[in-house]
Amino acid sequence: MNIQHLNLKFFVENPAAVDLADFISIFNGWIQARFGEETLVDVADYRQVFAGPGVILIGHEANYSLDNTGNRLGLLYNRKAQLAGALQDRLTQAARAALHACRRLEAERGLKFDGREAQLLVNDRLSAPNTAETFSVLAPELESFFGRLYGGAAYTLERNPDPRERFTVTAQAATHFEVEALLKNLN
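The rules behind each value
Residues numbered from 1 in each chain as written. Predicted model: local features only at pLDDT ≥ 70, side-chain atom pairs only at ≥ 80, totals over all residues. Heavy atoms only, no water. Salt bridge = Lys/Arg side-chain N within 4 Å of Asp/Glu carboxyl O. Helix = DSSP H or I, 4+ residues; strand = E, 2+ residues; numbered from the N terminus. Buried < 20%, exposed > 50% of the residue type's maximum accessible area, 1.4 Å probe, protein only. Polar contact = N/O pair within 3.5 Å; in protein donor to acceptor, adjacent residues only side chain to side chain. Contact = heavy atoms within 4.5 Å. Core = buried A, V, L, I, M, F, W, Y, C linked by side-chain atoms within 4.5 Å.

1. Regarding the pattern of salt bridges
Phase 1: Applying the stated criterion across every chain, the model contains 10 salt bridges.
Phase 2: A salt bridge links Arg 47 to Asp 45; its shortest N-O distance comes to 2.7 Å.
Phase 3: In this structure, Arg 104 engages Glu 108 in a salt bridge whose closest nitrogen and oxygen atoms are separated by 2.5 Å. Linking Arg 104 with Glu 108, this pair stays in helix α2 (residues 87-109), spanning 4 residues, or about one helical turn.

2. A word on the side chain of Thr 168
Phase 1: Looking at the secondary structure, you find Thr 168 in strand β8 (residues 167-173).
Phase 2: Assessed through its relative accessible area of 6%, Thr 168 is described here as buried.
Phase 3: A polar contact is formed between the side chain of Thr 168 and the backbone oxygen of Arg 166, at a distance of 2.9 Å.
Phase 4: With near-sequence residues (within four places) excluded, Thr 168 lies in contact with Gln 119, Leu 120, Leu 121, Asn 130, Glu 158, Arg 159 and Asn 160.

3. Focus on the nonpolar core
Phase 1: In terms of nonpolar packing, the biggest core is built from 53 residues, with Phe 10 and Phe 146 touching the most fellow members.
Phase 2: Among the elements that make up this core, the one with the highest residue count is α2 (10 residues).
Phase 3: For Phe 146, the residues in contact, after removing those within four places along its chain, are Ala 118, Leu 120, Tyr 155, Leu 157, Val 169 and Ala 171.

As structure tokens, then:
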């Protein structure tokens, strides 16, 4: 399977303290400062959508958002452009980009991210339909990636079985992880 268009989400520990309106100017500042390796071009405000996409920092290669889908606020990295290399390389790139954004938001805004839980979505229903068969094929790659992300610590991996949803798995570590520790584990 040539899996591209990876989305990775890390959840905010203190969502009640977050005012999404603040992130319009924050993300505009990231455009000006040329944050990350992607070309960032615009900010979209979807705060009015209940349990929706929140505030999105739009880029050519990827989007970043403070996403509230499912009433679970978190930083969502959405890779749009294809990458060469193995699936492990693409998973690592998405995780690093997301975690660098989390680290910056922790430093700039005092947000705290709960590193023990990560949600991976594949935004390509044709290449990765949300089926048990897809999970079976991808499980070894996902186990290898999350095993590395969590530094060998125990974790569970659960697929969302709803066939109407995109292929989604949630990894939940048994212990707490700081953003910095997750970044270190990826190196």
